[in-house]
Amino acid sequence: MFVNKIKIIAFLILIIPLSGCAIDENKYQYLEPEFELFEFFSGEVKAWGIVQDYSGDLVQRFTVDMEGVLEDGVLTLNEIFSYDLGDGVEQRTWILEPSAKKSFVGRASDIEGFAEGNSYGNAFNFKYEMNIQISGDDYRVHFDDWFWAFDKKTIVNRSYIKKFGFTIAEVTIFMQKP
């Protein structure tokens, strides 16, 4: 009985600080400009990004050329990646469609199942699982993607890559329409 109480206390000590790490989406609900997913990604978009590992070390630096086509309420977003540091996926095509008011689902060939996204004022949150390769080994990780609009032509994206609930890497991307 005493050992069980110690286990519960240890568990709570570990979990309570982690519960504060989640982003409160409600604080973005009334911020402007409102981020319109389909509007922003329709047409050409240029992106510049970095990936940092769990210790903050830079492991990738890249650019992305994107072209989005909206047809019959479905957005097809083609991404072409170029790396200055590190390597990774060279091309990805997202298929994005609305699932409910301010909610979206997406799929891509390297995404496990569906990505689920929700809009909150000037913010958009996308969650999905992906298999990534590190040193020749495949790992399934969880992405918690946050996008924030600066204006109608500029957004910043911050992705938290997690394994077993712990952030193992972070991605920062700036995106701009011409």
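Here is a short report on the structure shown in this document. Here the residue numbers are simple positions, counted from 1 along each chain's written sequence. Residues qualify for local features only when their pLDDT is at least 70, as the model is predicted, and side-chain atom pairs are given and counted only at 80 or more; totals for whole chains, interfaces and linings, by contrast, use all residues. Water and hydrogen atoms were dropped before computing side-chain values, which therefore reflect all heavy atoms in the structure.

Attention now goes to the environment of Ser119. Secondary structure elements are defined from DSSP: runs of H or I of at least 4 residues count as helices, runs of E of at least 2 residues count as strands, and each element is numbered from the N terminus. Residue position: Ser119 is located in strand S6 (residues 111-120). Only protein chains enter the accessibility calculation, which uses a 1.4 Å probe. A residue is then buried if its area is under 20% of the maximum for its type, exposed if over 50%, and partly exposed in between. Owing to a relative accessible area of 10%, Ser119 belongs among the buried residues under this scheme. Each C-alpha atom, one on Ser119 and one on Leu37, is 8.2 Å from the other, the two residues being 82 residues apart in sequence. Whether two residues are in contact is decided by their heavy atoms: any pair within 4.5 Å suffices. Setting aside chain neighbours within four positions, we find Ser119 in contact with Phe35, Lys102, Phe104 and Phe124.

Moving on: unusual backbone geometry. In this chain, Glu32 is followed by Pro33 through a cis amide linkage whose omega measures 0°. You can see Pro33 is positioned in the loop between helix H1 (2-19) and helix H2 (37-41). One non-glycine residue, Phe164, lies in positive phi territory at about 55°. Positionally, Phe164 belongs in the loop between strand S9 (154-163) and strand S10 (166-176). Look at Phe164 and you get exposed, because its relative accessible area is 74%.

Working definition: a ring pair exists when centres of Phe, Tyr or Trp rings (six-membered ring for Trp) sit within 6.5 Å. Plane angles under 30 degrees give stacked, over 60 give edge-to-face, the rest tilted. One pass over the full model with this rule turns up 19 aromatic pairs. Judged by centre distance (5.9 Å) and plane angle (65°), the ring pair of Phe104 and Phe124 falls under edge-to-face. Of this pair, Phe104 sits in strand S5 (residues 103-107) while Phe124 sits in strand S7 (residues 123-134), placing them 20 residues apart in sequence. The exposure class assigned to Phe124 is buried, which follows from its relative accessible area of 1%. Three or more aromatic residues joined by ring pairs form one cluster here, namely Phe35, Phe38, Phe40, Phe41, Trp94, Phe104, Phe124, Phe126, Tyr128, Phe143 and Phe147.

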